[in-house]
Amino acid sequence: MEKNKKMTFIATTYRTFSGTKEILEIPKKKETQWIVYQDNEPKFFVDFYDLEKEANAMMNSLVLCTKRSMSEVLELINKKNNINLSVPKISRLGLSMKLKSEVRHLELETIPEKWLSYSL
């Protein structure tokens, strides 16, 4: 799996109705950038327009070209590969309180190409 260079993220802890939750966020996030979690841990970074990486080009095709949402595509990938990928939500009801934020420097991988078969 190809690794990205270390990137800067903001880890923000929120208090929601279901308890405290830490979400990794992208500073100055673009609409085409996503942090994808595997088993509730930040694992992958996707940028639909960073087409130098094949996995990003494949995600571009799966999401933008098919007009599916990121969540729909991850659901299909999960079913096909028996894995648990997700994009975290802070709160479904929008009721949350920010407790703290800290800067983290992480190296997140691209999603494995074998999971991104065009036959989804």
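A. Representation of the nonpolar core. Counting residues in each nonpolar core, the largest one holds 19 residues, and the members touching the most others are Val36, Met59, Met70, Ile77, Leu85, Ile111 and Leu116. Sorting the residues of this core by element identifies strand 4 (41–47), helix 1 (54–65) and helix 2 (70–81) as the ones contributing at least two each. The element best represented in this core is helix 1, accounting for five residues. If we skip the residues at most four places from it in the chain, leucine 85 touches Val36, Tyr37, Gln38, Phe44, Leu74, Ile77, Asn78 and Trp115. In this structure, Ala11, Leu24, Ile26 and Leu108 belong to the second largest nonpolar core, which totals ten residues.

B. Just the sheet that holds strand 6 (residues 97–106), in detail. Spatially, the three strands line up as an open sheet ordered 2-1-6, and their pairing is antiparallel. Two strands in the sheet have a free side with no partner beyond their single neighbour: strand 2 (19–25) and strand 6. Adjacent strand axes in the sheet meet at a mean angle of 20° when their direction is disregarded. Pairing geometry for strand 1 (residues 7–16) and strand 6, over nine bridges, is antiparallel. Looking at the pairing, threonine 13 lines up with lysine 100 of strand 6.

Each value, and the rule that gives it
- Starting afresh in each chain, residues are numbered from 1 along the sequence in its written order.
- Selection of residues for local features in this predicted model requires a pLDDT of at least 70, selection of side-chain atom pairs for listing and counting requires 80 or more, and totals for whole chains, interfaces and linings are taken over all residues.
- Note that the side-chain values use all heavy atoms of the structure and ignore hydrogens as well as water.
- Within this scheme, the nonpolar core is defined by two criteria: the residues are buried Ala, Val, Leu, Ile, Met, Phe, Trp, Tyr or Cys, and they are joined through side-chain atoms within 4.5 Å.
- Relative accessible area decides the class of each residue, using a 1.4 Å probe on protein chains only: under 20% of the type maximum gives buried, over 50% gives exposed, and in between gives partly exposed.
- Note on conventions: DSSP H or I runs of at least 4 residues are helices, E runs of at least 2 residues are strands, and numbering of each starts at the N terminus.
- The contact definition used throughout considers only heavy atoms, calling two residues in contact when any of these lie within 4.5 Å.
- When DSSP finds at least two bridges between two strands, those strands are taken to pair.
- Helix axes are fitted to C-alpha atoms over the stretch in contact, other axes to C-alpha atoms as well, and angles between N-to-C directions run from 0 to 180 degrees.

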